[in-house]
Amino acid sequence: MYQGKFLHEEPPKKKRKRLPVGLRIILWTMCVMVVLAASAYAYLNILLGKIDRSTISGNAALSYAEALGDDTLLTDAADSEEEMAKMQGAYSDTGELVRPEGSETILLVGSDTRSTDDIGRSDTMMLATINYDTGKIHLTSLMRTLYVCIPMDTGNTWFALNAAYAWGGIDLLIATIEKNFKVDIDNYAIVDFSAFQQAVDIVGGVDIDLTQAEANYINKEVPGACLSAGTMHLTGETALWYARIRKIDNDFVRTSRQRTVITALLEKATHSTVAELNEFANKIFPLVNTDLTNTEILSHAVSLATMSDFKIDELMLPIENMSGETYEGIMYVSGAELYGYDVAENLSRLHAFLNQ
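Note that the structure is a prediction, hence the values are computed from the model and not measured.

## Digging into the environment of Ala336
Along the chain, the position of Ala336 falls in strand E12 (residues 336–339). Here Ala336 falls in the buried class, since its relative accessible area comes to 0%. Spatially, the C-alpha atom of Ala336 lies 7.9 Å from that of Ala65, the residues being 271 residues apart in sequence.

## Quick word on helix H11 (residues 294–303)
Among all positions of H11, only Ile297, His300 and Ser303 are buried. Here the buried residues of H11 occupy an arc of 120 degrees about the axis, which is enough to place them on one side. Residues of H11 that are exposed and point over 90 degrees away from its buried face: Thr295 and Val302.

## Digging into the sheet that holds strand E6 (residues 187–192)
Reading across the sheet, the 6 strands line up as E9-E6-E1-E2-E3-E10 and stay open at both edges, with mixed pairing between neighbours. Both outer strands of the open sheet, strand E9 (289–290) and strand E10 (311–317), are each paired with one neighbouring strand and no more. Where strand E2 (residues 122–131) meets strand E3 (residues 136–142), 6 bridges bridge the pair, whose relative direction is antiparallel. Pairing of Ile130 across the sheet is with Ile137, part of E3. Relative to the sheet, helix H9 (residues 251–270) contacts E2, E3 and E10, its axis offset from that of E10 by approximately 160 degrees. Each of E2, E3 and E10 is contacted by helix H12 (residues 343–354), which is oriented at about 175 degrees to E10, the strand it contacts most.

Criteria and cut-off values
Residues numbered from 1 in each chain as written. Predicted model: local features only at pLDDT ≥ 70, side-chain atom pairs only at ≥ 80, totals over all residues. Heavy atoms only, no water. Helix = DSSP H or I, 4+ residues; strand = E, 2+ residues; numbered from the N terminus. Buried < 20%, exposed > 50% of the residue type's maximum accessible area, 1.4 Å probe, protein only. Arc of directions from axis to C-beta. Pairing = 2+ DSSP bridges. Contact = heavy atoms within 4.5 Å. Axes fitted to C-alpha atoms, helices over the stretch in contact; angles between N-to-C directions.

Limitation: the analysis is restricted to geometry and does not speak to function.
Laid out in structure tokens, this is it:
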């Protein structure tokens, strides 16, 4: 009997064992998650890469008038020598910077930059102190013409706070605020008029209570605006004009309006959907200058949901005029109208406020 084919026949192949269905589902799910995570990471890097992280250095050669800006009142009044000496004598270059437990402070700067060639001035300066332990956000407005000690490379110069930004950019402004008010600043974010206006429009506008005088002022400045006293829905353009009103009252009420708009924006942001936040980031990131890292920004984004119930408290420096009435502490320095204040009392009230 012929047996050749049996002698050369290959042994039967073993059947490959299949993984259990449950394990296969887990592995496929993990693969999908890895792909999605990689795609999300790549997208976030593209998104965060739109942020402006260039250095704003200022121009130390600007004159006093140029550093203040065109709309700051300049006079021929003689310097307030007595008030200047009193404040300089009360100032101390020593003392630790305040950092409440569980908090971080971001300096928000609204620049009046109007063109790519314009350095801009710090038209708005606000400390946003987020305390995760107490569940509070403390907003502290700093009057732009506070009389402060500015640590220039050539030595200390006493003048208006917003001149620090014009002379030395964001680094000099932060150094000046820390030096005078002893608050530890972690990061900063700068937006100009255009970014502010777009931010309000992206969140769909903000509802603000207007007086008749405020409504009349905005109606005069914004073609087509038809606002009246009461709760009005403001667009980016009308909100910007609202936040910059000063002529019907004073700078103190003006900073109160700015905090009102910022508070409204925070309320909108903390209650936004992921899709809305994505749209906001895509349009606003290219208009923001900040030193926040990508990791820090993502951390803040994740925290927004938990911050929706945070209480927002407000303070304005100098505290001597929290009522917004006529200010008694006006002083004159190099022809500029500046705000004098009780140095010790303002620091004490600020630090107590941040530790509430």
